[in-house]
Amino acid sequence: DTAVSQTPKYLVTQMGNDKSIKCEQNLGHDTMYWYKQDSKKFLKIMFSYNNKELIINETVPNRFSPKSPDKAHLNLHINSLELGDSAVYFCASSQPGTGVYGYTFGSGTRLTVV
Amino acid sequence: GIQVEQSPPDLILQEGANSTLRCNFSDSVNNLQWFHQNPWGQLINLFYIPSGTKQNGRLSATTVATERYSLLYISSSQTTDSGVYFCAVTQTGANSKLTFGKGITLSVRP
């Protein structure tokens, strides 16, 4: 009964390729997020969607395009991958306003660009 | 934006020891969470604690919102407690954006 699930767990690809990461949550949360963890373990928000509407876009290159087909899914597509895109990408969800559960994170996707 | 500072940056403990991890934040918050990132990279939610004190087994946390800090206590540490501990906060009106500290790397030695 995984609450927030991401696929794939590992992704190794060549520079210039296009790749997607998928995320699904079964918690009934309205808000979903993508976070990036760099090589120094620092976690920073990239995007946030509330009920399929983009509400946060944090100065991310436009090669990154999130898509939310419904409030339970948030996918991340990356075009023309660069070496600097190598990182761990985490999906998360929350239900703002309730304050009960806070954030729940997926298990992460380790992207390596070679 | 809000600053989140965690200390100490690194901590080495002998199994069985107790420790206190600190998180200071620069502005008022409406959410504070402690996470443990285990050696496999999973981010595990330990506490949702915008104020007050909570306990879960050997772990407990206290947030004093008026003084802008939170403490995570680990008692009788075990090797499985090793990993990185993150404090993260959200502010009212920030679209629930979670801002993380840089983390505290804990190594518990047998």
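Preceding this section is the structure that the text describes.
Each value, and the rule that gives it
- Residues numbered from 1 in each chain as written.
- Chains lettered and ligands numbered in written order.
- Predicted model: local features only at pLDDT ≥ 70, side-chain atom pairs only at ≥ 80, totals over all residues.
- Heavy atoms only, no water.
- Salt bridge = Lys/Arg side-chain N within 4 Å of Asp/Glu carboxyl O.
- Helix = DSSP H or I, 4+ residues; strand = E, 2+ residues; numbered from the N terminus.
- Contact = heavy atoms within 4.5 Å.
- Buried < 20%, exposed > 50% of the residue type's maximum accessible area, 1.4 Å probe, protein only.

Participant: Please clarify how the pattern of salt bridges should be interpreted in this entry.
Facilitator: Pairing is possible between side chains of opposite charge, provided their charged atoms come close. Residue and element names in this part refer to chain A. Overall, the coordinates contain 5 salt bridges over all chains when judged by the stated rule. Two residues, R63 and D85, come together in a salt bridge whose shortest N-O distance is 2.8 Å. Placement of the pair is R63 in the loop between strand 6 (53-57) and strand 7 (64-70) and D85 in the loop between strand 8 (73-78) and strand 9 (87-94), with a sequence separation of 22 residues. Within the structure, one salt-bridge network assembled from shared partners comprises R63, E82 and D85.

Participant: How should the environment of P110(B) be read in this particular structure?
Facilitator: All names here are of chain B. Mapped onto the fold, P110 is located in the segment after strand 11 (104-109). Taking the C-alpha atoms as reference points, P110 and S77, separated by 33 residues in sequence, lie 9.8 Å from one another. Residues within four places of P110 in sequence aside, it is in contact with Q14, E15 and T79.

Participant: Looking at this structure, how should I read unusual backbone geometry?
Facilitator: Among all residues save glycine, negative phi is the norm, and among peptide bonds the norm is trans. Omega for the bond connecting T7(A) with P8(A) falls within 30 degrees of zero, at 0 degrees, which places this linkage in the cis form. Cis geometry marks the peptide bond from S7(B) to P8(B), where omega comes out at -10 degrees. Here P8(B) is to be found in the loop between strand 1 (4-7) and strand 2 (10-14). The backbone of N51(A) sits at a positive phi, close to 50 degrees, despite the residue not being glycine. In this fold, N51(A) is placed in the loop between strand 5 (43-50) and strand 6. Accessibility expressed as a relative area gives 43% for N51(A), which makes it partly exposed. A positive phi angle, close to 45 degrees, is found at S80(A), a residue other than glycine. Here S80(A) shows up in the loop between strand 8 and strand 9. Under the relative-accessibility criterion, S80(A) is labelled partly exposed at 40%.

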